[in-house]
Amino acid sequence: MSRLVRFHQFGGSDVLTTEDLETSQPDAGEVLVAVHAASVNPVDFKIRSGKYPAVKSDRLPYTLGRDVSGTIEKCGAQATRFKVGDQVFGMVDIHGGGYADRAVVNQKSIAAKPARLDHAHATAIPLAGQTAWQGLFRYGLLKEGQSVLIHGGSGGVGHFAIQFAKAMGAHVLTTVSTDKVKFACELGADVVIDYRTERFEEHVSRVDMVFDLIDGETRERSWDLIKKGGVLVSTLTEPSQKIAEKWGVRAMRYTVEANGNELAGITALVDAGKVRPHVDRTFPLSAAAEALSLVEQGHSAGKVVLVAN
Ligand SMILES: NC(=O)c1ccc[n+]([C@@H]2O[C@H](COP(=O)([O-])OP(=O)(O)OC[C@H]3O[C@@H](n4cnc5c(N)ncnc54)[C@H](OP(=O)(O)O)[C@@H]3O)[C@@H](O)[C@H]2O)c1
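Quick caveat, the model's predicted, so the values are computed rather than measured.

What counts and how
- Residues numbered from 1 in each chain as written.
- Predicted model: local features only at pLDDT ≥ 70, side-chain atom pairs only at ≥ 80, totals over all residues.
- Heavy atoms only, no water.
- Pairing = 2+ DSSP bridges.
- Helix = DSSP H or I, 4+ residues; strand = E, 2+ residues; numbered from the N terminus.
- Axes fitted to C-alpha atoms, helices over the stretch in contact; angles between N-to-C directions.
- Contact = heavy atoms within 4.5 Å.
- Core = buried A, V, L, I, M, F, W, Y, C linked by side-chain atoms within 4.5 Å.
- Buried < 20%, exposed > 50% of the residue type's maximum accessible area, 1.4 Å probe, protein only.
- Near = heavy atom within 4 Å.
- Areas by Shrake-Rupley, 256 points an atom, 1.4 Å probe, with all protein chains shown as cover.
- 1 Å grid on protein atoms, 1.4 Å probe; cavity = no way out; pocket = protein on both sides within 12 Å on 5 of 7 lines; lining within 4 Å.
- Sits in = over half its atoms within 2 Å of the grid points.
- Nonpolar A, V, L, I, M, F, W, Y, C, P; charged D, E, K, R; others polar.
- Salt bridge = Lys/Arg side-chain N within 4 Å of Asp/Glu carboxyl O.

Caption draft 1: Main features of the sheet that holds strand β9 (residues 147-151). The strand order across the open sheet built from six strands is β11-β10-β9-β12-β13-β14, with neighbouring strands paired in parallel fashion. One side of each edge strand has no neighbouring strand; the edge strands of this open sheet are β11 (191-194) and β14 (250-253). Taken pair by pair, the neighbouring strands of this sheet meet at an average axis angle of 15 degrees, ignoring direction. Contacts from helix α3 (residues 126-139) reach β9, β12 (207-212), β13 (226-234) and β14, with the element oriented near 150 degrees to β12.

Right under this line is the structure:
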């Protein structure tokens, strides 16, 4: 049997229930993981409230959770990259299932857990870390010596983005709230702007890239800070191509993809001491609703994590 936190109808935090169900079995290319820790992402409350387009009512009941770290209990017939007993971490696909004591994951979406991290810190990485990685390097094509303005540098994605961009040798500017200024400096940002008391436009000369994790007027005020030929990359709404063209920049919105090889690359940075996930708070799996409400408030520093009861 497995313990799962799921919901049968979209709604607020009161729709989550904890249920004991027959354990799902891995298909050929999948593994079954005993989950020691799962992380909480903003996409989870978007899914729970019915506002995430990829999860419609035909997917209900739905078990939340896109990140896991744990021990492999069983391998599918063709899941030969890992063996039973391996400590792994990775991203669960859009079918979810991470808020559980056991989860099925595609072997291509996981990697060996970084040796220097416990499961609570390892599970903080997959979705947020790969979002940061793909936004900066796959879409933003950020290179050593370039500059990037990261809006929302204190959150799950942003705190990885600061560290990855610094590890790449970029000049990093970021916007955070007053009580996160110290945190962003410790992460290595070169210029930290308190968006509550300062107008970021007054502290930024042209940058090669804006990484927009906030949207709205923050984005609108950012266009003319980008060098001609630069790029605006967003995790939120599709940027206007008309405005991008007006400023002579590229602009795009993307959805993160699971990629175990990329996770292994991130692990190398963790092992080298260049990147460290920050866990703001941990909750037991039984308090998943409370953990998700905290993330929904939108003011966490780094990540919120669920640990096995
Ligand atoms: N497209 C994708 O595949 C993808 C993947 C991952 C995430 N996302 C989306 O990207 C967004 C960020 O994700 P996340 O996991 O980093 O969220 P998060 O952990 O909730 O972090 C959000 C951060 O933004 C800060 N913030 C709020 N308003 C701000 C402002 N005006 N300027 C600067 N910072 C501000 C918040 O801290 P303070 O309140 O203290 O400022 C908080 O630290 C979410 O909307 C998420 O759904 C999309």
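Caption draft 2: Local environment of the side chain of R48. Relative to the helices and strands, R48 resides in helix α1 (residues 42-48). The residues contacting R48, other than those within four sequence positions of it, are F7, F10, G11, G12, S13, V15, L16, L64, L292 and E296.

Caption draft 3: Molecular detail of the nonpolar core. Membership of the largest hydrophobic core comes to 39 residues, with the highest contact counts inside it found for L136, V148, F164 and F211. Elements with a minimum of two residues in this core: α3, β9, α4 (156-168), β10 (171-176), α5 (181-187), β12, β13 and α8 (260-271). At six residues, the largest contribution of residues to this core is made by α4. Formed by 25 residues, the second largest nonpolar core is a distinct cluster that contains L16, Y52, L127 and A291.

Caption draft 4: Main features of the pairing of strand β5 (residues 67-75). Alignment of strand β3 (residues 30-40) against β5, held across eight bridges, turns out to be antiparallel. Following the sheet pairing, S39 is matched in β5 by D67. Relative to strand β6 (residues 87-91), β5 runs antiparallel, the two sharing five bridges. Residue pairing in the sheet places D67 in a bridge with M91 of β6.

Caption draft 5: Broad picture of the site of the ligand. Among the 26 residues in the neighbourhood of the ligand, the closest are listed as K46, S177, K180, Y195 and H299. Against a free-state accessible area of 930 Å², the protein chains account for coverage of 87% of the ligand. Placement of the ligand is best described as lying within the largest pocket. Of all the secondary structure elements, the ones that give two or more residues to the shell around the ligand are α1, α3 and α4. Taken together, the residues that form the shell around the ligand break down as nine nonpolar, 13 polar and four charged.

Caption draft 6: Local environment of the pattern of salt bridges. Throughout the structure, instances matching the rule amount to 15 salt bridges. In this structure, R3 and D20 form a salt bridge, with 2.7 Å as the shortest nitrogen-oxygen distance. In this pair, R3 is assigned in strand β1 (residues 2-7) and D20 in strand β2 (residues 17-21), connecting sequence segments 17 residues apart. Relative accessible area serves as the criterion here: at 42%, D20 is assigned to the partly exposed category. Of the charged contacts in the structure, one is a salt bridge between D212 and R219, with a shortest N-O distance of 2.9 Å. A relative accessible area of 3% places R219 in the buried class. Each of the salt bridges in this network shares a partner with another, and the network as a whole consists of R199, E201, E217 and R221.

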